[in-house]
Amino acid sequence: MIDQIKGLHHITSMASDARDNNAFFTGTLGLRRIKKTVNFDAPDVYHLYYGDEVGTPGSVMTYFPFGRMQKGRRGIGEVGVTEFAVPPGALPYWQDRLATFGLTGMEGGRFLGEARLEFLGPDGDGFALVESDPGGRSPWTAGGVPEEAGILGFHGARMRLADAAATGELLTFMGYQKDETEGGVTRYRIDGGNGADTVDLEELPSARAASQGAGSVHHIAFAVENRAAQLDVRKALMDTGYQVTPVIDRNYFWAIYFRTPGGVLFEVATNEPGFDHDEDTAHLGEALKLPEQYEPARARIERVLPPL
Ligand code: ZN
């Protein structure tokens, strides 16, 4: 069994419009844009990162705004709901705020004893705010949301699957423990995590498959402390029969990827070196940061990327 996973690291999704995406996360949700870079495989597309003050692993939502991309079709084989944690008592504030910003799909409720507010993002992205604060995390407060309501990072994520058993087994192998079940959704929780500690599996045997597009989660990344832990995890997964990519340098972390039995793409990402290794914490996310191989093309890349 793997004991190096520390909760979620980041979640990466796709959007149709960079400006709308930036306005939604920094304006409506009050997160900090912690990095403005490009898709390392398609440098004409931004890779935008949002999170807490320094982009603490477990708080980092990232987007590829592809521009005029068709909306995804929701279904099985994907992360259907990205959940952010907010302090207890914060949901009435958010209900008002999200209504003021004209958001749709708002639905309050309780799940496994926690108050939650579901809503849709600009491309129909599935989000929820969950009242939960085990302590140790602080919101970014310069984004217009008061500290007592601010987003603390991820609470977790909910996956929609035709059959949850194999993915449940994988999560258990990754160090998660099976928790309670409610309404066909089973919670898995990791001990000693970074706060982004739950993964919920929703089993929908007769639902159609998701088709990825704007508003869809592209992959979900789990955190490990460092590269040594990542190599241990990679070996353990490969010994169990998973096809895992080689380690890829993503400039702010090292990444490995593998496809899971339920169809969701998993990543394991290192907490090192972090988002503040190439710019000052006070100015994170302001300048366009390019990986070395694209620096020679900076002028052309800056011309094609829309100003935020
Ligand atoms: Zn990733």
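Residues numbered from 1 in each chain as written. Predicted model: local features only at pLDDT ≥ 70, side-chain atom pairs only at ≥ 80, totals over all residues. Heavy atoms only, no water.

**Q** So what exactly am I meant to see when it comes to the overall build of the protein chain here?
**A** The number of helices and strands found in the protein chain is 5 helices and 16 strands. In terms of overall size, the protein chain behaves like a compact globule, its C-alpha atoms giving a radius of gyration of 18 Å where 308 residues would be expected to give roughly 19 Å. Counting only residues that meet the buried cut, the protein chain has 54% of its 308 residues in that class. Taking the contacts inside the protein chain whose residues are at least 6 apart along the sequence as the reference set, 67% of them involve residues at least 24 apart. Here the protein chain has roughly 12800 Å² of accessible surface; of this, 48% comes from carbon and sulfur atoms. Once the 29 positive and 43 negative side-chain charges of the protein chain are each reduced to a mean point, those two points are 6 Å apart. (Helix = DSSP H or I, 4+ residues; strand = E, 2+ residues; numbered from the N terminus. Rg over C-alpha atoms; globule rule 2.2 N^0.38 Å. Buried < 20%, exposed > 50% of the residue type's maximum accessible area, 1.4 Å probe, protein only. Contact = heavy atoms within 4.5 Å. Areas by Shrake-Rupley, 256 points an atom, 1.4 Å probe, with all protein chains shown as cover. Lys, Arg positive; Asp, Glu negative; His and termini not counted. Charge placed at Lys NZ, Arg CZ, Asp CG, Glu CD.)

**Q** What's the story with the sheet that holds strand 7 (residues 114-120) in this structure? I'm lost.
**A** Note on sheets: strands pair through backbone hydrogen bonds, and any given pair is parallel or antiparallel. Pairing is mixed across the open sheet formed by 8 strands, whose spatial order is 6-7-8-5-9-12-11-10. Two strands bound the open sheet, and with one partner strand each, they are strand 6 (107-111) and strand 10 (176-182). Neighbour-to-neighbour, the strand axes of the sheet open up by a mean angle of 25°, direction not taken into account. As defined by bridge partners, strand 7 adjoins strand 8 (residues 126-131) across 5 bridges and the pair is classed as antiparallel. Its bridge partner being in strand 8, leucine 120 is matched across the sheet by glycine 126. Here helix 2 (residues 91-100) sits on the sheet in contact with strand 5 (78-86), strand 7 and strand 8, set at roughly 10° to strand 7. (Pairing = 2+ DSSP bridges. Axes fitted to C-alpha atoms, helices over the stretch in contact; angles between N-to-C directions.)

**Q** Sorry if this is basic, but what is going on with the pairing of strand 9 (residues 153-161) here?
**A** Consecutive side chains of a regular strand alternate in pointing toward one face of the sheet and then the other. Counting buried positions along strand 9 yields 9 of 9 residues, so the element is predominantly enclosed. Across 7 bridges, the pairing between strand 5 and strand 9 is antiparallel. In the sheet register, glutamate 83 faces strand 9, and the bridge partner there is glycine 156. Where strand 9 meets strand 12 (residues 198-203), 6 bridges bridge the pair, whose relative direction is parallel. By the bridge assignment for strand 12, alanine 157 is matched with valine 199.

**Q** Just checking my understanding: could you explain the pattern of salt bridges for this structure?
**A** Side-chain pairs of opposite charge can arise where the charged atoms are in close proximity. Scanning all chains against the criterion turns up 13 salt bridges. The partner of lysine 35 in a salt bridge is glutamate 279, with the nearest N and O atoms 2.7 Å apart. With a gap of 244 residues between them, lysine 35 in strand 2 (residues 32-39) and glutamate 279 in the loop between strand 16 (265-273) and helix 5 (298-304) connect regions that are remote in the sequence. The class for glutamate 279 is buried, based on a relative accessible area of 12%. Of the charged contacts in the structure, one is a salt bridge between arginine 116 and glutamate 83, with a shortest N-O distance of 2.9 Å. Note that arginine 116 is positioned in strand 7 and glutamate 83 in strand 5, a separation of 33 residues in sequence. Judged by relative accessible area, arginine 116 falls into the buried class, the value being 6%. Because the salt bridges share partners, they merge into one network encompassing Lys35, Asp278 and Glu279. (Salt bridge = Lys/Arg side-chain N within 4 Å of Asp/Glu carboxyl O.)

**Q** Please clarify how the coordination of the zinc ion should be interpreted in this entry.
**A** The reference angle at a metal is 109.5 degrees if four donors form a tetrahedron and 90 or 180 degrees if six donors form an octahedron. Protein ligation of the zinc ion involves His10 (NE2), His219 (NE2) and Glu267 (OE), the donor distances falling in the range 1.9 to 2.0 Å. For the zinc ion, all donor residues lie on one chain, and their spacing in sequence is H-x208-H-x47-E. Here histidine 10, found in strand 1 (residues 8-15), pairs with histidine 219, found in strand 13 (residues 217-224); they are 209 residues apart in sequence, far enough to count as distant. (Donors = N, O, S within 2.8 Å, 3.2 Å for Na, K, Ca; no water.)

**Q** So what exactly am I meant to see when it comes to helix 1 (residues 18-28) here?
**A** Because each turn of an α-helix spans 3.6 residues, side chains separated by three or four positions in sequence point in the same direction. Within helix 1, the full set of buried residues consists of Ala18, Asn21, Asn22, Phe24, Phe25 and Thr28. Glycine 30 sits one or two positions beyond helix 1 and adopts a positive phi of about 70°.

**Q** For this particular structure, what's the right way to read the environment of isoleucine 301?
**A** Looking at where isoleucine 301 falls in the secondary structure, it is placed in helix 5. Isoleucine 301 sits in the buried class, given a relative accessible area of 0%. Taking the C-alpha atoms as reference points, isoleucine 301 and leucine 288, separated by 13 residues in sequence, lie 9.8 Å from one another. In contact with isoleucine 301, not counting residues within four places along its chain, are Val38, Pro43, Leu288, Leu290 and Tyr294.

**Q** Which parts of the structure should I look at to understand unusual backbone geometry?
**A** A negative phi angle is the norm for most residues apart from glycine, just as the trans form is the norm for most peptide bonds. The omega torsion across glutamate 272 and proline 273 is -5°, close enough to zero to call that bond cis. Phi angles above zero are rare outside glycine, and arginine 68 is one such case at about 55°. A relative accessible area of 84% means that arginine 68 is categorised as exposed. Residue leucine 112 is not a glycine yet carries a positive backbone phi of 50°. By secondary structure assignment, the location of leucine 112 is in the loop between strand 6 and strand 7.

**Q** Is there a simple way to explain helix 3 (residues 165-173) in this structure?
**A** Buried within helix 3 are the following residues: Thr167, Gly168, Leu170 and Leu171. Mapping the buried residues of helix 3 onto a view down its axis gives an arc of 160°, with all of them on the same face. Directly after helix 3, the chain includes glycine 175, whose backbone phi takes a positive value near 110°. (Arc of directions from axis to C-beta.)

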